[in-house]
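Given next are the chains, with one letter for each unit.
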Amino acid sequence: MKAPKRKIKPEKRTKPKLAVIKFTSCDGCQLSLLDAEDALLDVADAVEIAYFVEARDRRLPGPYDVTLVEGSISMPEHIEQIQEIREQSKFLIAIGACATAGGIQALRNWRNVDDFVRMVYAHPEYIDTLETSTPISEYVQVDFELRGCPINKHQLLDVVTSLLIGKQPRTPTYSVCMECKRRGTPCVMVSKGVPCLGPVTQAGCNAICPSVNRGCFGCYGPMEAPNTESLGQHLLDIGAAPGEVVRLFRNFSGYAEDFRLASDAFEEMMA
Amino acid sequence: MPELTPTIGAFVSIEKGRLQNVMDALKAAGYTLVGPTLDEGAIVYDEIEGVADLPRGWTDRQEPASYRLQRREDDAYFGYVVGPHSWKKFLLPPRRTLMRVVKKEGAFVVVDEEEPAPRYAFIGVRGCEMQAIHIQDRVFLGGPYQDPGYRARRQQAFVLAVNCTEPGGTCFCASMGTGPEVGLGYDLALTELDDIFIVEIGSELGATMMRETDWRPAGAFELQQARDALAEARRNMGRQLDTTDLPNLLYKNLEHARWDQVADRCLSCGNCTMVCPTCFCQDVLDVSDLKGETFERVWVWDSCFSIDYSHVHGGNIRPHTRARYRQWLTHKFASWIDQFGVIGCVGCGRCITWCPVGIDVTEEIDAIRGEV
Ligand code: SF4
Ligand code: SF4
Ligand code: SF4
Ligand code: SF4
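Only a predicted model underlies this, so the values are computations on that prediction, with no experimental measurement involved.

Caption draft 1: Region of the structure containing the overall build of chain B. Scanning chain B from terminus to terminus reveals 13 helices and 16 strands. Each principal axis of the C-alpha atoms in chain B carries an extent, and together these give about 70 × 65 × 40 Å. The burial tally for chain B puts 55% of its 372 residues in the buried class. Considering only contacts within chain B whose residues lie at least 6 apart along the sequence, 73% involve residues at least 24 apart. The positive charge centre, built from 39 side chains, and the negative charge centre, built from 53, are 3 Å apart in chain B.

Caption draft 2: Here's a closer look at the site of ligand 1. Every residue near ligand 1 is listed here: A:Val176, A:Cys177, A:Cys180, A:Lys181, A:Cys187, A:Val188, A:Met189, A:Cys196, A:Gly198, A:Pro199, A:Pro210 and B:Asn271. Of all elements in the fold, only α7 (176-182) and α8 (188-192) of chain A reach the threshold of two or more residues within the shell around ligand 1. Broken down by element, the residue count for the shell around ligand 1 peaks at four residues, all from α7(A).

Caption draft 3: The interface of chain B and chain A, seen in detail. Every contact between the two is made by 48 residues of chain B and, on the other side, 35 residues of chain A. In this assembly, chain B packs against chain A so that about 3200 Å² is buried in total across both faces, 59% of it on carbon and sulfur atoms. Looking only at chain B, the three residues that lose the most surface to chain A are B:Leu267, B:Leu290 and B:Lys291, adding up to 23% of its buried area. On inspection of chain B and its partner chain A, the count reaches one salt bridge. Note that B:Asp283 and A:Arg170 form a salt bridge whose closest N and O atoms lie 2.7 Å from each other. Taken together, the links from chain B to chain A amount to 14 residue pairs in polar contact (both at pLDDT 80 or more). When contributions to the side of chain B that touches chain A are tallied by element, the ones reaching two or more residues are β3 (42-47), β5 (66-71), α9 (258-265), α10 (271-275), β13 (282-288) and β14 (294-301) of chain B. Counting residues per element, the side of chain B that touches chain A draws most heavily on β13(B), which supplies five residues. Partitioned by chemical class, the residues of the side of chain B that touches chain A number 24 nonpolar, eleven polar and 13 charged.

Caption draft 4: Main features of the sheet that holds strand β2 (residues 32-39) of chain B. Residue and element names in this part refer to chain B. Spatial strand order, β3-β2-β8-β9-β10-β11-β1-β12: eight strands in an open sheet with mixed pairing. The open sheet has two free edges, formed respectively by β3 and β12 (216-217), since each of these has just one partner strand. In the sheet, β2 pairs with β3 via six bridges, with the strands oriented antiparallel. Within β3, the residue paired with Gly35 across the bridge is Asp46.

Caption draft 5: Quick peek at the packing of helix α10 (residues 228-237) of chain A against helix α12 (residues 257-270) of chain A. All names here are of chain A. Closest axis-to-axis distance for the α10/α12 pair is 10 Å, and the angle between their directions is 40°. Classified by the angle between their axes, α10 and α12 sit oblique to one another. Here α10 and α12 pass one another in a crossing that is right-handed. Mapping the contact onto sequence places Thr228, Glu229, Gly232, Gln233 and Leu236 in α10 and Asp258, Phe259, Ala262, Phe266 and Met269 in α12.

Caption draft 6: A look at the site of ligand 3. Inspection of the region around ligand 3 gives B:Thr273, B:Cys279, B:Phe280, B:Cys281, B:Cys304, B:Tyr309, B:Gln327, B:Trp328, B:His331 and B:Trp336 as its neighbouring residues. Per-class residue counts for the shell around ligand 3 are seven nonpolar, three polar and no charged.

Caption draft 7: Representation of the confidence of the model for chain A in the model. Per-residue confidence for chain A averages 91 on the pLDDT scale, and 95% of its residues sit at or above 70. Mean pLDDT across the secondary structure elements of chain A bottoms out at helix α2 (residues 38-46) of chain A, with 83, and peaks at α7(A), with 98.

Caption draft 8: Spotlight on the pattern of salt bridges. All names here are of chain B. The full count for this structure, using the stated rule, is 29 salt bridges over all chains. Across the salt bridge formed by Arg56 and Asp75, the nearest N and O atoms sit 3.2 Å from each other. Within this pair, whereas Arg56 is found in the loop between β3 and β4 (58-63), its partner Asp75 is found in the loop between β5 and α2 (88-91), the two being separated by 19 residues in sequence. Accessibility expressed as a relative area gives 37% for Arg56, which makes it partly exposed.

Caption draft 9: Representation of the domain arrangement of chain B within the structure. Residue and element names in this part refer to chain B. Splitting chain B by domain gives domain 1 (11-235) and domain 2 (246-371). Here the C-alpha centroids of domain 1 and domain 2 sit 25 Å apart. Buried surface at the junction of domain 1 and domain 2, both sides included, amounts to about 3500 Å², of which 64% is carbon and sulfur. Connecting domain 1 to domain 2 are two salt bridges. One salt bridge in this structure joins Glu129 and Arg350, with 2.5 Å as the shortest N-O distance. Between the two partners, domain 1 and domain 2, sit 26 residue pairs in polar contact (both at pLDDT 80 or more). Looking at the side of domain 1 that touches domain 2, the elements that each hand over two or more residues are β3, β4, β5, α2, β6 (95-104), α3 (127-141) and α5 (173-176). Considered class by class, the residues forming the side of domain 1 that touches domain 2 number 24 nonpolar, ten polar and nine charged.

Caption draft 10: Layout of a negative patch on the surface. There is a patch of like negative charges on the surface, built from B:Asp39, B:Glu40, B:Asp46 and B:Glu47. Topologically, B:Glu40 is positioned in the loop between β2 and β3.

Caption draft 11: Main features of the pairing of β6(B). All names here are of chain B. Strand direction decides the pairing type here: β6 and β14, joined by seven bridges, are antiparallel. Looking at β14, one finds that Arg95 is bridged to Val300. In the sheet, β6 pairs with strand β7 (residues 107-111) via five bridges, with the strands oriented antiparallel. Among the inter-strand pairings, Lys104 is bridged to a residue of β7, identified as Ala107. Hairpin connection between β6 and β7: a loop of two residues separates the two successive antiparallel strands, and Glu105 in this loop has a positive phi of roughly 45°.

Basis of the calculations
Residues numbered from 1 in each chain as written. Chains lettered and ligands numbered in written order. Predicted model: local features only at pLDDT ≥ 70, side-chain atom pairs only at ≥ 80, totals over all residues. Heavy atoms only, no water. Helix = DSSP H or I, 4+ residues; strand = E, 2+ residues; numbered from the N terminus. Buried < 20%, exposed > 50% of the residue type's maximum accessible area, 1.4 Å probe, protein only. Contact = heavy atoms within 4.5 Å. Lys, Arg positive; Asp, Glu negative; His and termini not counted. Charge placed at Lys NZ, Arg CZ, Asp CG, Glu CD. Near = heavy atom within 4 Å. Buried area = accessible area lost by both parts, 1.4 Å probe. Salt bridge = Lys/Arg side-chain N within 4 Å of Asp/Glu carboxyl O. Polar contact = N/O pair within 3.5 Å; in protein donor to acceptor, adjacent residues only side chain to side chain. Nonpolar A, V, L, I, M, F, W, Y, C, P; charged D, E, K, R; others polar. Pairing = 2+ DSSP bridges. Axes fitted to C-alpha atoms, helices over the stretch in contact; angles between N-to-C directions. Parallel < 35°, antiparallel > 145°, perpendicular 65-115°, else oblique. Left-handed = near helix turned anticlockwise from the far one by under 90°. pLDDT = per-residue confidence, 0-100. Domains from an automatic or database assignment. Patch = residues over 30% accessible without salt bridge, like charges linked within 9 Å, V, L, I, M, F, W, Y side chains within 5 Å. Areas by Shrake-Rupley, 256 points an atom, 1.4 Å probe, with all protein chains shown as cover.

Printed below as a string of structure tokens:
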């Protein structure tokens, strides 16, 4: 990640301008920023919040120094909008499973979207939507991706801080298991036979799901070099049905390449 | 009571319930008791108040990638083996702040915030675990650069050890020469029989902690029972490992086809290194506040299975799982000896039980040996 070389002094009038933009999403990731409480005041102190509809009415035009983009690209007008935002942004960060992998709404990518539209809306003719829901990087160059559904506010603050003071952000790409073990949670898969995607999913959430006795469902997306084949095979060995394995991979980050290929492969196995 | 404190090296017997007196004496002496206790679905190490917090009447069934708690038919206090935690959790916590730096009047000042090390009494340290502590002593206290945090916690730790009479399904301490009986280094060591504990006094401090406990010298019959139980345990190990000439075996087979096969299964998830009581690898992070005025240097458990770990100037020296798995196995069973003069594995079986896909170090080594 390219970060500014020198620390930007917050006292100066040349505060970096921050924009927070949303596409197809639930707003949960933006809320992580609002949820940062005390740190949010520091953020407001250190940057000029130029565009953040969720937080304030004032909307300043670009260009922006840092733009956080939430949500997936799922409607025709999004394509032009994201290109415009890219042009207006020095540093563009995609935040959350929607912006980095297409989100849960990317489940439509496996079906014909018109069928859904007909089923859900009384007037399907009013609906203008793309056939797929895809990550921001599908359309423009993204400078940094922050994973999760929702993102972790500590990771977000670390990335923003890194940009402000010119250091490398620390966003580990190893497995959720590492965090699970550090916090001392007994593995739910080994001790209870609960299917868990932790060994193929990127850390960052601090293993919340296993800590409350649930398997990880992969919302942080694939870890570095995930061995989905071995894990999926093991899940079958411990009694999961192939359909379960498919559903596990095809989840909040299911359209991320490694998970997509895995769910497709196990689906093929069922056929 | 024949005398107030037993002598070092003595074997005495106490009624099982009297263990509480020993724990009370430890607490009165300012120790924080940590020991086995039931958590969600597993026996973990945590702070305990007394014998009531021990997983009495429970046992653990362990196989590769499988751990299940089960009720015992008796109400033994220590009728299980080791779980997902190890004592490194206390001696070498997963996350430590090494130092803090704050900006004061335009200058950066190092605030040395070394917290006073807790005084732990470890309740229920098994033979393999005692050796694991000795191994980490070599890592952190051997040589010219010692870890002050580790040293402080280690020096004031009290060790109440327990001999294993019922090994678990993935245990192979007998092969590694670390159990089922605890080796040197404890303050007190228990062997659990049907109605009594036999207590071996390992140190002056241990003897002192027996002062408030009603004890008597152990009888010849009781001692024989304890010896028989340990001999039986040695015969019942869940696993075995032929340790003959391990370093050469591994060094000569760095290109063995088995590494490719295991790499197909291995998830590179790092669980084996996290649960291993001797693995010590760490990452050091600098965490800053938004204003760039307060920095913390933080130490966290890392693993040779994470890709970043092997990133050196110019690239990554272990880009594939095959190389990472080989690093782990050869470090534990070969290069550890070159580095610290002792083998890095104590045969506790944790890496086998807690590997999500059940990769078994003994099986991997056997496979390599079988081909040569
Ligand atoms: S519970 Fe899941 S994340 Fe935790 S160690 Fe087990 S497999 Fe990994
Ligand atoms: S390598 Fe495995 S068996 Fe050996 S000490 Fe580590 S966890 Fe225990
Ligand atoms: S096996 Fe890996 S994690 Fe363990 S001590 Fe060796 S290099 Fe470190
Ligand atoms: S051997 Fe098992 S626990 Fe270790 S990294 Fe591979 S899959 Fe994970």
